[in-house]
Amino acid sequence: MSRQDAGINEQIIKKAPIASACFMGLGQILYLKQYLRGAVYALLELIMLFFTVFESGTFIPNFRGPIVKSLVGLITLGDPKPDLPVKLRDHSIFMLVTGLIVLIVVVLYVAVYVFNIKDAKASAIQIVEKKRFPTYAETRNHIQEAAFPYIGLTPVVVLLAFFTVVPLLFSALVAFTNYSSPDHIPPNNLVDWVGFENFRTMFTASANNSWFSAFGRVAAWTVIWAFASTLTCYAVGMLFAVVLVDYRIKIAKVFRTIFILPYAIPTMLSLFIWQNLLNGTFGPINRTLIELGLISNPIPWLSDPNMARITLILVNIWIGFPYSMILVTSNMTAIPSQLYEAAIIDGANKWNQFKSITLPLVLFQTMPLLIMQFAGNINNFGAVFFLTAGDPKVSDTITTQAGATDLMISWIYKLTMNTPNMYNLASVLSILVFIVLVPFAVYNFTQTKSFKDGEL
Amino acid sequence: MTYAPGKKRHSKSSTVFVTSILYIFLTITVLVVVYPVAFTIGAAFTETNSLASTRLVPWPEKPSFYQFQRLLTPSSQTVVGTVDVRGTNYLVWYRNTLKIAIVNTLCTLAICITSGYIFSRFRFRARKPMMATIVVLQMFPSFIGMIATYVILWRIGGLNTHWGLILVYVTGSIPFNSWLMKGYFDTAVSKSIEEAARVDGANQITTFIKIVIPMVKPMIMFLALSSFTSPWMDFIFPRLILRSDDKKTLAVGLFELINGRANDNFTMFAAGALLVAVPFAILFMSGQKFLLKSMAGDGTKE
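Residues numbered from 1 in each chain as written. Chains lettered and ligands numbered in written order. Predicted model: local features only at pLDDT ≥ 70, side-chain atom pairs only at ≥ 80, totals over all residues. Heavy atoms only, no water.

**Student:** Give me the side chain of Asn424(A): which residues, what numbers.
**Tutor:** Residue and element names in this part refer to chain A. Among the structural elements, asparagine 424 can be located in helix 18 (residues 423-447). A polar side-chain atom of asparagine 424 sits 3.0 Å from a polar atom in the side chain of asparagine 198. Those residues in contact with asparagine 424, other than ones at most four positions away along the chain, are Val174, Ala175, Thr177, Asn178, Tyr179, Ser180 and Asn198. (Helix = DSSP H or I, 4+ residues; strand = E, 2+ residues; numbered from the N terminus. Polar contact = N/O pair within 3.5 Å; in protein donor to acceptor, adjacent residues only side chain to side chain. Contact = heavy atoms within 4.5 Å.)

What follows is the structure, encoded as structure tokens:
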């Protein structure tokens, strides 16, 4: 089955890409004898053209196909049709999501189009260099080797596109609309683009703008929380790690096993239990303290704003210290004992040994994890939501829904899930969280082995 | 333990003093760590329902299985020995969660092992942009986009279904786990073994299944364990997607059992929590070698 010497013309290097640029697959069919590949490309273009040209339902070729309509819908977000029943009116949010999906399909299509032109050129060059068309077996092998990764990754691409990329883009776009209760909730009402209006609402400082003051409070608490929760867990974990390797403690293993317990219990359950233990009136902790005569009035563990913040950090230590303890212990075993022996000869006491050997070495080893824990704590939804639910309420909570212990992330959740829904303002905050996380993403990226090997 | 400083410098009496201080300190910590657990166990075996009626010492006056009985009776029936006390859907939630966890594990394994292998072994044009995208996507909590997720599931009929929730879970785990597997394939499986198999005539698929998969078993164990455990206590997406009570997972069911109703249900919640936490802790303790290793950051270096 030789296709050799079919009169190879060097012109095809120019002609094939140009033909493929005019219509996908044309160059492959006309000049490169890649009939199947060309047909697949051409079919793709035909499908796209069909959905662009023919109006859905009527099949009238008026260039108002679903693709065009969806993209137009993405821009207009629908027209008011007050005379139609609610069910038939334009639904701005559906239009936004559909528009985004179509946009992604179009972008992928353009990428395939460009790939098709490059592919035509590459194939033409190969053919000219070898002075013959590839045999059937060569083509088949090539497709098997080259296509496997693409076929294998198709589910990944589809899932990520629909359930990660579209939702993220969507929530970024909503920040520029007025999608909020009570006046702009489809299908009764339309949603419109409003530019930077929501950012002005959130970030304009004025005496009667409770959004800005709530934002300031939540942002400050989020930062304090991220530092405090990360550092306290780490410090307490390290304390126990160091104490438990002391030669004077005989049953260190027993203690260590007990201390791992909070880590083995699902966090959400621990938080619920703590919430009830700390209940102001009925909680056993207050009842016990009163019974013992240590306090006369119940301690407002979760109902006083500052007390609730401290309680949150304390309970978080209970949940989080075992992990740090294990982490530090495993890193300490890697420190060579000669270092300590030398220090003892030099007359260093325990504290000096800890300060100059254990702490710096362990800290250096665990720094990347500590930084990622910090990023994780910025988004620690569970701790806040299940222990305090963001409460106690403060003066502006009725307007802004943000309580005294709400973090950015739990505030976003409340604005999205509770009525009145403020999707637009929640999205502004999401974008902010996004921006805050970028440095961590970059750091995380530079820590990967692939990056260090110069692979990416 | 290599950390063993000398003892010579201390006089005997000061050593005894410091040691007892350390033991007192550790004992107090043990009490703080164990108290919530002990209290929960005590509450679960209490006959009365409310938080206020629980005893301060963590053992009930007269132990009773009433709360377990109440919890495990189907919601359509009344609890044995009572006239009007209805059971709960606890067993249904348990089964739902188990089902979701198992399917999620299988799908995650299939997808992430394949994609990790492809990223590790193949060189193709879209590789670098895709890997960079994955590293970036890994950083964002997926519930930031929950409204769009909700709309998309609505359009494809995935609301109030378990497969809709599983789709969201699997997708959410792809970036981190693919990257993890890629790193592991890079270091744990040498290319020469694979190439030898290929030379011997095994094709791509056979090599992958017979040679490569067995070599990455530890990482697969970790992946299976983590994707099996995560649906048990995830709250946001089941709450968003699953509406009817018989579709709910344990996290949502337990949340609604206790939220704002500590006076009616606290002891029953304690019983429910116990029935989740005990198998969980056992699973954790038996699998902790894998979990801890990977969490300590050297899972990929093993």
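**Student:** Explain the domain arrangement of chain A to me, and be specific about the residues and the numbers.
**Tutor:** Taken domain by domain, chain A holds domain 1 (3-174) and domain 2 (210-452). Between domain 1 of chain A and domain 2 of chain A, the C-alpha centre-to-centre distance is 48 Å. (Domains from an automatic or database assignment.)

**Student:** Just give me the short version of the confidence of the model for chain B, but keep the residues and values in it.
**Tutor:** All names here are of chain B. With 91% of its residues at a pLDDT of 70 or more, chain B has an overall mean of 81. Confidence drops under a pLDDT of 50 for residues 1-8, and excluding neighbours within four residues, the segment shows 19 contacts in the predicted structure. A low-confidence stretch, residues 295-302 stays under pLDDT 50, and its non-local contacts, those more than four residues away or across chains, total 18 contacts. Here the predicted complex scores 0.83 on pTM and 0.83 on ipTM. (pLDDT = per-residue confidence, 0-100.)

**Student:** Describe in detail the nonpolar core, supporting the description with residues and values.
**Tutor:** In terms of nonpolar packing, the biggest core is built from 193 residues, with Phe170(A), Phe259(A), Trp411(A), Phe185(B) and Val276(B) touching the most fellow members. In this structure Val276(B) touches Leu269(A), Tyr90(B), Tyr94(B), Trp232(B), Met233(B), Leu250(B) and Leu254(B), once residues within four positions along its chain are discounted. Among the nonpolar cores identified, the runner-up in size contains 8 residues, and Ala16(A), Leu32(A), Ala124(A) and Val128(A) belong to it. (Core = buried A, V, L, I, M, F, W, Y, C linked by side-chain atoms within 4.5 Å. Buried < 20%, exposed > 50% of the residue type's maximum accessible area, 1.4 Å probe, protein only.)

**Student:** With reference to specific residues and values, describe the packing of helix 5 (residues 92-130) of chain A against helix 5 (residues 146-155) of chain B.
**Tutor:** Two numbers describe how helix 5 of chain A lies on helix 5 of chain B: the axes approach to 10 Å, and their chain directions differ by 90 degrees. Classified by the interaxial angle, the pair formed by helix 5 of chain A and helix 5 of chain B is roughly perpendicular. Contacts from Ile93(A), Phe94(A), Val97(A) and Thr98(A) of helix 5 of chain A reach helix 5 of chain B at Val151(B), Ile152(B), Trp154(B) and Arg155(B). Considered class by class, the residues forming the contact of helix 5 of chain A with helix 5 of chain B number 6 nonpolar, 1 polar and 1 charged. (Axes fitted to C-alpha atoms, helices over the stretch in contact; angles between N-to-C directions. Parallel < 35°, antiparallel > 145°, perpendicular 65-115°, else oblique. Nonpolar A, V, L, I, M, F, W, Y, C, P; charged D, E, K, R; others polar.)

**Student:** Residue-level account of unusual backbone geometry, with values.
**Tutor:** Residue Pro392(A) is bonded to the preceding Asp391(A) through a cis peptide linkage, with omega at 0 degrees. Take Pro392(A): it is sitting in the loop between helix 15 (381-387) and helix 16 (397-400). One non-glycine residue, Ala389(A), lies in the positive phi region at around 55 degrees. Position of Ala389(A) among the secondary structure elements: in the loop between helix 15 and helix 16. Located in the positive-phi region is Asn160(B), a residue other than glycine, with phi close to 55 degrees. Looking at where Asn160(B) falls in the secondary structure, it is placed in the loop between helix 5 and helix 6 (162-188).

**Student:** Explain the environment of Asn421(A) residue by residue, including any values.
**Tutor:** All names here are of chain A. The topology assignment puts asparagine 421 in the loop between helix 17 (408-417) and helix 18. Taking the C-alpha atoms as reference points, asparagine 421 and proline 155, 266 residues apart in sequence, are found 34 Å from one another. Among all residues touching asparagine 421, those that are not within four sequence positions of it are Ser180, Ser181, Leu415 and Thr416. Side chain to side chain, asparagine 421 and tyrosine 423 meet in a polar contact 3.1 Å long.

**Student:** Account for the pattern of salt bridges, with residues named and values stated.
**Tutor:** Across all of its chains, the model carries 9 salt bridges over all chains by this definition. The salt bridge partner of Asp406(A) is Lys414(A), with a shortest N-O separation of 2.7 Å. Comparing Asp406(A) with Lys414(A) shows no difference in burial state: the two are buried. The shortest N-O distance in the salt bridge between Lys248(B) and Glu256(B) comes to 2.8 Å. For Lys248(B), a relative accessible area of 9% gives the class buried. Residue classification places Glu256(B) among the partly exposed residues on the basis of a relative accessible area of 29%. Linked by salt bridges that have partners in common, Arg239(B), Asp245(B), Lys248(B) and Glu256(B) make up one network. (Salt bridge = Lys/Arg side-chain N within 4 Å of Asp/Glu carboxyl O.)

**Student:** Give a detailed account of the interface of chain B and chain A, specifying residues and quantitative values.
**Tutor:** Much of the literature gives interface size as the accessible area that the parts lose upon coming together. In this complex, chain B contributes 101 residues to the contact, which on the side of chain A involves 103 residues. At the boundary of chain B and chain A, one finds 2 residue pairs in polar contact (both at pLDDT 80 or more). Counting residues per element, the side of chain B that touches chain A draws most heavily on helix 1 (residues 12-44) of chain B, which supplies 17 residues. Of the residues in the side of chain B that touches chain A, the class split is 71 nonpolar, 19 polar and 11 charged.

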